Amino acid sequence: MQKIGVFVCHCGTNIAATVDVLRVVEAAAKEPGVVHAQDYPYMCSEAGQALIASAIRDKGLTGIVVCSCSPRMHEATFRKCAERAGLNPYMVEIANIREHCSWIHKDMEEATQKAIILARAAIAKVHLNTPLAAGHSQVTKRALVIGGGIAGIQTALDIAEAGYPVDIVEKNPSIGGRMAQLDKTFPTLDCSACILTPKMVEAAAHPNIRIFTYSEVERVTGFVGDFTVDIRKHARSVDMDKCTGCGLCQEKCPSRKTPDEFNRALGTRSAIYTPFAQAIPNVPVIDREHCIKFKTGKCGLCQTVCAAGAIDYTQSDEIVSEKYGAIVVATGFDTIKLDRFGEYAYDQSKDVITSLELERIMNAAGPTGGHLERLSDGRMPREMVFIQCVGSRCSDGRGKSYCSKICCMYTAKHAMLIRDKYPDVNVTVFYIDVRTPGKNFDEFYRRAVEQYGVNYIKGQVGKVAPLPDGRLRVSGSDLIDGKAVEITADMVVLATAIEPDPSARRLASMLTASIDTNDFLTEAHPKLRPVESPTAGVYLSGVSQGPKDIPETVSQAGACAAKVIGLLAKDRLTTNPCTAHSDQLLCNGCSACANVCPYGAISYEQREVNDHGVRGERRIAVVNNALCQGCGACTVTCPSGAMDLQGFSNRQLIAEVDAICR
Amino acid sequence: MSIDDRDFRPVIAAFCCNWCSYAGADLAGSSRMKYPAEVKIIRVPCSCRVNPMFILRTFEKGADGVILCGCHPGDCHYSTGNYYTRRRMASLISLMEFVGLERGRVRVEWVSAAEGAKFAETMNEFVEHIRALGKNTRLEDLRCKN
Amino acid sequence: MQELIERAKALLADGTVSRVLGWRATDTPFGPEPAFFESGEELNEFVYNCFCGANLSKYLIESSALEGKTLAFLKPCDTYSFNQLCKEHRIDRGKTYIIGVGCKGKITVERLHELGIKGILDVEDAGDTLTVKTLYGEKSCPYSDAMLERCHACKGKEHRVADEVIGESADTTDTDRFAKVTELEQMTSKERYAFFQAELSKCIRCNACRNVCPVCNCRKCVFDGNAFDSVQKANATEFEEKMFHIIRAFHVAGRCTDCGECSRVCPQGIPLHLLNRKLIKDMDAFYGEYQAGEDTSTVSPLTAYTEHDIEPEAGKGGNE
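Residue numbers run consecutively from 1 along every chain, following the written order of its sequence. Note on labels: chains are lettered from A, ligands numbered from 1, in written order. Side-chain atom pairs in this predicted model are given and counted only at pLDDT of 80 or more, local residue features only at pLDDT of at least 70, and totals for whole chains, interfaces and linings cover all residues.

## Thoughts on the overall build of chain B
Turning to step 1, where the next piece is worked out: Within chain B one finds five helices and four strands.
Turning to step 2, where the next piece is worked out: Each helix is a run of H or I in the DSSP string that is no shorter than four residues. Each strand is a run of E no shorter than two, and both are numbered from the N terminus. Helices and strands in chain B line up, N terminus first, as α-β-α-β-α-β-α-β-α.
Turning to step 3, where the next piece is worked out: When we talk radius of gyration, it's over C-alpha atoms, and the globule rule is simply 2.2 Å times the number of residues to the 0.38. A globule of 146 residues ought to have a C-alpha radius of gyration of about 15 Å, and chain B, at 15 Å, matches this closely.
Turning to step 4, where the next piece is worked out: A principal-axis box enclosing the C-alpha atoms of chain B has dimensions of 45 × 35 × 20 Å.
Turning to step 5, where the next piece is worked out: Here the C-beta atoms are placed from the backbone, and a residue counts as buried if at least 20 other C-beta atoms lie within 10 Å of its own, exposed if 12 or fewer do, and partly exposed otherwise. When burial is assessed residue by residue, chain B has 75% of its 146 residues classed as buried.
Turning to step 6, where the next piece is worked out: Any pair of residues counts as being in contact when their C-beta atoms, constructed from backbone geometry, are within 7 Å of one another. The contacts in chain B between residues at least 6 apart in sequence include a share of 83% that link residues at least 24 apart.

Given below as structure tokens:
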């Protein structure tokens, strides 16, 4: 019989306000095997833990139950506490009487009764716990960074600087990401390319960094410390080693009508192309969908003009399989589609553009050479309207419920830059709220208003209507003056909501990393573990985790790198001892369990088995504990009950069921 | 409705996978969302850990409803666990209805770690449904009754 | 029958096989029983007739552990169970020699009783009809009227596996095997409950269904061990009967070849195969048709998945 101690936490008033803690203690003390029961205001505090430790020592407890917050919060804390007091950490069970009880119920009697039942279930379970010993697994000292934008580049650089090899996988032909598309950055107004390009070069030149561009992650297997990733390198049709980056092929390519993704399709590009001048690697790719050679078999001009003989039409996709200890997701964002926002006439007028499109228009390397002009007729606008929160903070389900965070600042930036360069252009900004928390951010916004005379109107725009003369009638409201506003504008710029890159969802599935309802990757803890995914070994960098600007992205990228370095610095990891095992007396050797094991952790052996004195060779399932992650799929597939899971055994779960239904 | 019916407090067990649904329940709690105290949660590593034996056992011991919550298909922490759950439970639920258990006493729901509100809503709805069904009399162990 | 005996004797004599698994006559003419024969002399007791419904494949698990090969006579439908057991590594195919035997459907004396034929002394197979000698004189009935339920839903005349085949088989299908399941589904939940309550409460937990079922072959049944704290209790209650049969059906789901042995041997006449058929019908509808034991390589629907499987929703078990 176990000697069980029960410790009931008040969590200040978080638990004690709705659960009569003393009654829980009393009820628990009456349960079989319970030799010690007590309460304490904060069980997780040092004093609370000391109390547990001394009870373990003084009363020779063989198992403990802590009635407190979620085991996801403090199970590890109490396990460590038990271990320090000489009790096996797996002899600890948590009854979640906060998240699953005191916080959801109002009635004290009801909540107290439920807390008692939850405590009983945990006591019933701990009776069947057995001491478990964690195993160890190796760490592959290499990291994978998925996404080659500023987040991915910064994370990779920091990891590489610490001395660990890193691979960057980028789906586009060049690294650089969204930041490469930006013209200037707030609040300093320095040129985006000027600060990004050196980082790109540094990453490309770093001896610890390998870059796979035009590549995608195809498959991920394994677990923390030992992931195996298949990377699909799309056929570039250009030999990376031979190409000198002279650009002649792009100049001569006769297929020039492909919408240029880098310029947000505001211009066109050739079929063989590098997305932008500073591309890294400076090796073009052939877009096979638009290449005349691939479409008709005729052409081959690029091959003729390439002095280096780098063009190779026969290249095919290549799958590279690599091992990694850690994986960083830095897949970034895109702007949302505007097809559900017909009122802004985005599809009807070329002069209604998104902010990211404006970045390209303002950029010297963009489709207009950096001249502010209307895309419809090339004329300079005189009257510009910016509309904030297009699809952000949207409650009607057409857009996103969250704030995209960067729009207030970049709109102030755009407005300021335009007023600076073209003082006779009138700029009006419609906003819901101006949100400018951040170092030098509010000062920046105030400069736009006070120094540059940008006209900010608090209110929403109901409609943008193209007029016969090609101008745009913007009808909105001014909430402060309480009146309708109508502006005839030459250009309208929409601060379009951002959303995670569409690749994030598929990737999250492959990584078994969780994702929220907006497709942002979920953190292990929103406050305390913001750069880690709940899936061990998977880390989050940049906007894939949530909207953020460049300085935030870079700091998060660094934090993420620090976590990765911390992992890679370990020689071995402690594995979860809650793994499956098969009872050789019960195992039929039928192979059903191996069919459902996602980790290939089950194999079969012919073994001599002594079944109550009868010896014989049997086919027995054997679980590799280093590979088993403890999901339990095998345990249910096994008809004979031979397969069981440590820590969540059949009998433990049944004991909980019985306690709850009692 | 008799007095007994009004006072009927069903016994409900909710098996929740550690990675999504249990975390979803935690979120419901930390967001102070309300759902009935009849729901008692049993933590399992993955929905695929839930053996039909457990579900029957729960009824045997007097439960009136059992709900199994896991990660959304495609989002399983163990990649594929809930795909097996989905198949097993589709068959089990159908079989239990076939032998005459009332519709909806056993239910499967996918609740992610971010869906605290969905967790609370699901539980409210489930408890309401079980209350409407009344006491489980078709699958019970009479020895548990006094 | 003589041909089978001669062939068995020859294979024993030349050492190809060490024993023969077949049917032996018992003191009742309607109940030949499965038996191992180890010599030509023993084989004189061998019978093969219209009452040899017993599926012999399960006995090969035991003989797989013995020295030498075992010759087994399998009817076409038995070969499905045989394949399933080979797939589950319970039978070592290399330790077997399979002779496929002809089958035109097997009969059962219970059906004759149900037809109102009493005081049966002997039954003679007269091709399409049966001649039944009774205390009250000679009676006759069409052969198919006395056939086992499972033979009306015959899996076909082809042996899925055999080293050689002796005799002709016929496909005796004349009904939709899911007809009764569909009929139950169309009842109300309450009616179905009453139906199964009445049927399952007849259960005496004799375990005949479990013992005869080819895929119910665990070294130790979960109901005999304590792995789930489900050890068999002295006084079975209604719940336990249900639990036992639901779990048993579930444990064989995706593995059950629908051989119908469970219902054939049930001394209480419970139509246990209905539970298995319901599972088969569902799995066919949910995941595409699957016949366990058709081969030795395909995986059971419950150990496979697709990303877009149907959801486990209420309403698939039958009307409300």
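## Remarks on the confidence of the model for chain C
Turning to step 1, where the next piece is worked out: pLDDT runs from 0 to 100 and stands for how confident the predictor is about each residue. On average, chain C scores 92 in pLDDT, and the residues at 70 or more come to 97%.
Turning to step 2, where the next piece is worked out: Interface confidence for the predicted complex, expressed as ipTM, amounts to 0.94; the pTM equals 0.77.

## Things to note about the interface of chain B and chain C
Turning to step 1, where the next piece is worked out: Contacts between the two partners involve 34 residues from chain B, matched on the other side by 37 residues from chain C.
Turning to step 2, where the next piece is worked out: Elements with a contribution of two residues or more to the side of chain B that touches chain C: α3 (52-60) and α4 (81-98) of chain B.
Turning to step 3, where the next piece is worked out: Looking at the side of chain B that touches chain C, the element that brings in the most residues is α4(B), giving 15 residues.

## Remarks on helix α1 (residues 21-29) of chain A
Residue and element names in this part refer to chain A.
Turning to step 1, where the next piece is worked out: Burial in α1 covers these residues: Val21, Val24, Ala27 and Ala28. In a view along the axis of α1, the buried residues occupy a sector of 125°, so they form one face of it.
Turning to step 2, where the next piece is worked out: If you follow the buried residues of α1, they end up packed against β1 (4-9), β2 (34-40), β3 (63-68) and α5 (108-126). Each direction from the helix axis to a C-beta atom contributes to the arc, which is the arc of those directions.

## So, the interface of chain B and chain A
Turning to step 1, where the next piece is worked out: At the junction of the two partners, chain B supplies 44 residues and chain A supplies 41 residues.
Turning to step 2, where the next piece is worked out: For the side of chain B that touches chain A, the secondary structure elements donating two or more residues are α2 (21-30), β2 (39-44), α3 and α4 of chain B.
Turning to step 3, where the next piece is worked out: When residues in the side of chain B that touches chain A are grouped by element, the largest group, six residues, is from α2(B).
Turning to step 4, where the next piece is worked out: The classification used treats Ala, Val, Leu, Ile, Met, Phe, Trp, Tyr, Cys and Pro as nonpolar, Asp, Glu, Lys and Arg as charged, and all other residues, Gly among them, as polar. Among the residues making up the side of chain B that touches chain A, the classes are represented as 23 nonpolar, 11 polar and 10 charged.

## Quick notes on the packing of α4(B) against helix α10 (residues 273-287) of chain C
Turning to step 1, where the next piece is worked out: Axis lines are fitted through C-alpha atoms, for helices just across the contact stretch, and the angle between N-to-C directions can take any value from 0 to 180 degrees. At a minimum axis distance of 10 Å, the contact between α4(B) and α10(C) shows a crossing angle of 135°. Taken as axis vectors, α4(B) and α10(C) run oblique relative to one another. Crossing of α4(B) against α10(C): the hand is right-handed. The residues of α10(C) that touch α4(B), namely those facing Ala90(B), Ser91(B), Ser94(B), Leu95(B) and Phe98(B), are Leu275(C), Lys278(C), Leu279(C), Asp282(C), Met283(C) and Phe286(C).
Turning to step 2, where the next piece is worked out: The class makeup of the residues in the contact of α4(B) with α10(C) is seven nonpolar, two polar and two charged. The scheme is simple: roughly parallel for angles under 35 degrees, roughly antiparallel for over 145, roughly perpendicular for 65 to 115, oblique for anything else. A crossing counts as left-handed when the near helix is turned anticlockwise from the far one by less than a right angle, and as right-handed when that turn is clockwise.

## Focus on the sheet that holds strand β20 (residues 352-354) of chain A
All names here are of chain A.
Turning to step 1, where the next piece is worked out: Should DSSP find at least two bridges between two strands, the strands are regarded as paired. Read across the open sheet, the five strands follow the order β20-β27-β21-β22-β23; overall the sheet is parallel. Pairing within the sheet leaves two strands with one partner each, and these edge strands are β20 and β23 (455-458). Neighbouring strand axes in the sheet, compared pairwise and without regard to direction, differ in orientation by 20° on average.

## Things to note about the domain arrangement of chain C
Residue and element names in this part refer to chain C.
Turning to step 1, where the next piece is worked out: As used throughout, domain bounds are those supplied by an automatic or database domain assignment. In terms of domain boundaries, chain C breaks down into domain 1 (1-105 + 156-175), domain 2 (109-146) and domain 3 (176-320).
Turning to step 2, where the next piece is worked out: Of note, the centres of domain 1 and domain 3, computed from C-alpha atoms alone, are 27 Å apart.
Turning to step 3, where the next piece is worked out: Listed by partner, the interface residues are 16 residues for domain 1 and 16 residues for domain 3.

## Things to note about the sheet that holds strand β7 (residues 129-134) of chain C
Each strand in a sheet pairs with another by means of backbone hydrogen bonds, the pair being arranged parallel or else antiparallel.
All names here are of chain C.
Turning to step 1, where the next piece is worked out: Spatial ordering of the open sheet is given by β6-β7-β8, a layout of three strands whose pairing is antiparallel. What marks the edges here is a single partner per strand, and that holds for β6 (120-126) and β8 (137-142). Between one strand axis and the next, the sheet turns by 20° as a mean value, whatever way the strands run.
Turning to step 2, where the next piece is worked out: As paired elements, β6 and β7 share six bridges and run antiparallel to each other. The residue bridging Glu124 from the neighbouring strand is Thr131, located in β7.

## Re unusual backbone geometry
Residue and element names in this part refer to chain A.
Turning to step 1, where the next piece is worked out: With an omega of -5°, the peptide bond running from Phe186 to Pro187 counts as cis.
Turning to step 2, where the next piece is worked out: Counting through the fold element by element, Pro187 comes out in the loop between β8 (184-185) and β9 (190-191).
Turning to step 3, where the next piece is worked out: Note the cis peptide between Ile280 and Pro281, where omega equals 0°.
Turning to step 4, where the next piece is worked out: Of note, Pro281 is situated in the loop between β15 (272-273) and β16 (285-286).
Turning to step 5, where the next piece is worked out: One non-glycine residue, Ala345, lies in positive phi territory at about 60°.
Turning to step 6, where the next piece is worked out: For Ala345, a count of 20 C-beta atoms within 10 Å puts it in the buried group.
Turning to step 7, where the next piece is worked out: Of note, Lys405 is a non-glycine position whose phi angle comes to about 70°, a positive value.
Turning to step 8, where the next piece is worked out: Residue placement: Lys405 occurs in the loop between β21 (383-390) and α12 (407-421).
Turning to step 9, where the next piece is worked out: Residue classification places Lys405 among the partly exposed positions, given that 18 C-beta atoms sit within 10 Å.

## Some details on the environment of Arg398(A)
Residue and element names in this part refer to chain A.
Turning to step 1, where the next piece is worked out: Topologically, Arg398 is positioned in the loop between β21 and α12.
Turning to step 2, where the next piece is worked out: With 13 C-beta atoms packed within 10 Å, Arg398 lands in the partly exposed category.
Turning to step 3, where the next piece is worked out: C-alpha separation for the pair Arg398 and Val596, spaced 198 residues apart in sequence, amounts to 40 Å.

## With respect to the confidence of the model for chain B
Turning to step 1, where the next piece is worked out: This prediction gives chain B a mean pLDDT of 90; 91% of its residues lie at or above 70.
Turning to step 2, where the next piece is worked out: Note on residues 142-146 of chain B: pLDDT is under 50 here. Beyond four places in sequence and across chains, it has five contacts.

## Points about the nonpolar core
Residues and elements named next belong to chain A.
Turning to step 1, where the next piece is worked out: We define a nonpolar core as a collection of buried residues of the types Ala, Val, Leu, Ile, Met, Phe, Trp, Tyr and Cys that are connected via C-beta atoms lying within 7 Å of each other. The biggest cluster of nonpolar side chains holds 218 residues, and the ones touching the most others in it are Val6, Ile64, Val65, Cys67 and Ala119.
Turning to step 2, where the next piece is worked out: Counting residues per element, this core draws most heavily on α5, at 11 residues.
Turning to step 3, where the next piece is worked out: Sequence-distant contacts of Val65, that is, excluding residues within four places in its chain, are made with Ile4, Val6, Glu93, Ala95, Ala119, Ala122, Ile123 and Val126.
Turning to step 4, where the next piece is worked out: One finds Leu157, Ala203, Phe520 and Ala557 within the second-largest nonpolar core, a separate group that totals 63 residues.

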